[in-house]
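# Residue-level structure breakdown
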Amino acid sequence: MKKILIPLISLAMAVSCGTTKTPEGAKAQSPTVAKGDKAFLSAYKTIKADELKKNLYVIASDEMGGRDTGSPGQKKAGEYMINFYKNLGIAPPKALGSYYQKVPSEFMKKRGGGNLPDSENILAFIEGSEKPEEIVVISGHYDHVGTRNGVVYNGADDDGSGTVAVMQIAKAFQEAKKAGNGPKRSILFLHVTGEEHGLFGSDYYTSNPVFPLANTVVDLNIDMIGRDDAENRGKQYVYVIGSEMLSSELKVINEAANKKTNNLELNYKYDDPADTERLYYRSDHYNFAKNNIPVAFFFDGIHEDYHKPTDDPEKIDYPLLEKRAQLVFATAWEIANRPERIVVDKK
């Protein structure tokens, strides 16, 4: 997650904070996610702690050198991710013709990126069976802060945890598709670069979208979901940020998916307009929200190893990472398969 606050716009609407509470007056369609839904359950169960761990120990290894934007280590991590998608039979978007979307150095430089080299977003895509033109985005940044004074900052939680979660969610959707239960809407698995330096990869994507932003239904963004913070030590929880900023339905859908799966404690602390951390503006979902696309940002909090060289894979709570990734999948499943796209009825 980006450490330095970006310039803020005033938050015009009142939003809730605290723990799970259904928005008053919100009318969501009946969720398709249900314990008796065999297609959903079969795919959901493919998201496993041991597979998340296996991939994270590669993504957050010293070999990747901390994955700084445009670095050889980041490119090596990207190659590993692409091979993962190739082995699953998940292709890049046809319109792009590659898993890579180049993010030019010059684009980042104009936005305060200094002398960062060219880098790449990585995109994998599953086409919808009934509404292929409507796009559900599941995002996470795969860069971190690199190596400093010879010490590797592995970024296992930030955002290795989100990176491997996106990968496993993609696997779950692909397993469903192979079984004849692919999503009705298309799913874009978007691994963005340059987040730590200024949300550059998501800025580039939304400035140069592979699919029209008008057809983008939602962005479910995952940035740090493998640990806990001091306030929630030992709890089965996740922070959900921004889920009712633009749509009265998204929060309802996410809460319904949660109740019918792992029933985590959903914490809305960071939706409070008075919150000084202003996290709604500090990860890649915000570039979608600026374009009036509903977003939900899944986050574990600011813990003692945040942006330190001690953010290592052995400190990840893999069973909790599994549950949080399953929640994002369950939410995406509902949004991808419901009859109507979710409404955008707030500004």
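Described in the following lines is the structure provided in the data block. (Residues numbered from 1 in each chain as written. Predicted model: local features only at pLDDT ≥ 70, side-chain atom pairs only at ≥ 80, totals over all residues. Heavy atoms only, no water.)

## Some details on the sheet that holds strand E1 (residues 100-103)
- Strand order across the open sheet formed by eight strands is E1-E2-E6-E3-E7-E10-E8-E9, with mixed pairing between neighbours. Strand pairing shows two members of the sheet lacking a second neighbour, E1 and strand E9 (265-267), which therefore form its edges. Within this sheet the neighbouring strands show an average axis-to-axis angle of 25 degrees, counted without direction. (Pairing = 2+ DSSP bridges. Helix = DSSP H or I, 4+ residues; strand = E, 2+ residues; numbered from the N terminus. Axes fitted to C-alpha atoms, helices over the stretch in contact; angles between N-to-C directions.)

## Structural notes on the packing of aromatic side chains
- Tallying each qualifying case throughout the model produces 19 aromatic pairs.
- With a centroid separation of 5.7 Å and 10 degrees between ring planes, the pair formed by Phe40 and Phe329 is classed as stacked. Of this pair, Phe40 sits in helix H1 (residues 38-44) while Phe329 sits in helix H10 (residues 318-337), and the two are 289 residues apart along the sequence. When sorted by exposure, Phe40 lands in the same class as Phe329, which is buried.
- Centre to centre, the rings of Tyr237 and Tyr239 are 5.6 Å apart; their planes meet at 85 degrees, and the pair counts as edge-to-face.
- The exposure class assigned to Tyr237 is buried, which follows from its relative accessible area of 0%.
- Among the residues examined, Tyr239 registers a relative accessible area of 0% and is labelled buried.
- Three or more aromatic residues link up through ring pairs in this structure, and these residues are Phe40, Tyr44, Phe173, Phe189, Phe329 and Trp333. (Phe/Tyr/Trp six-rings, centres within 6.5 Å; stacked < 30°, edge-to-face > 60°. Buried < 20%, exposed > 50% of the residue type's maximum accessible area, 1.4 Å probe, protein only.)

## Here we look at helix H2 (residues 49-59)
- Inspection of H2 places Ala49, Leu52, Asn55, Leu56 and Ile59 among the buried residues, and these make up the whole buried set. Buried positions in H2, seen along its axis, are confined to an arc of 135 degrees and lie on one side of it. Residues of H2 that are exposed and point over 90 degrees away from its buried face: Asp50 and Lys54.
- Buried residues along H2 sit against helix H3 (72-88), helix H5 (156-178) and H10. (Arc of directions from axis to C-beta. Contact = heavy atoms within 4.5 Å.)

## Section: unusual backbone geometry
- Between Asp158 and the following residue, Asp159, the backbone shows a cis peptide bond with an omega angle of -10 degrees.
- With phi around 75 degrees, Met224 is a residue other than glycine that occupies positive phi space.
- Looking at where Met224 falls in the secondary structure, it is placed in the loop between strand E7 (216-222) and strand E8 (237-241).
- Look at Arg278: it is not a glycine, yet its phi comes out positive at around 50 degrees.
- Along the chain, Arg278 falls in the loop between E9 and helix H9 (285-289).

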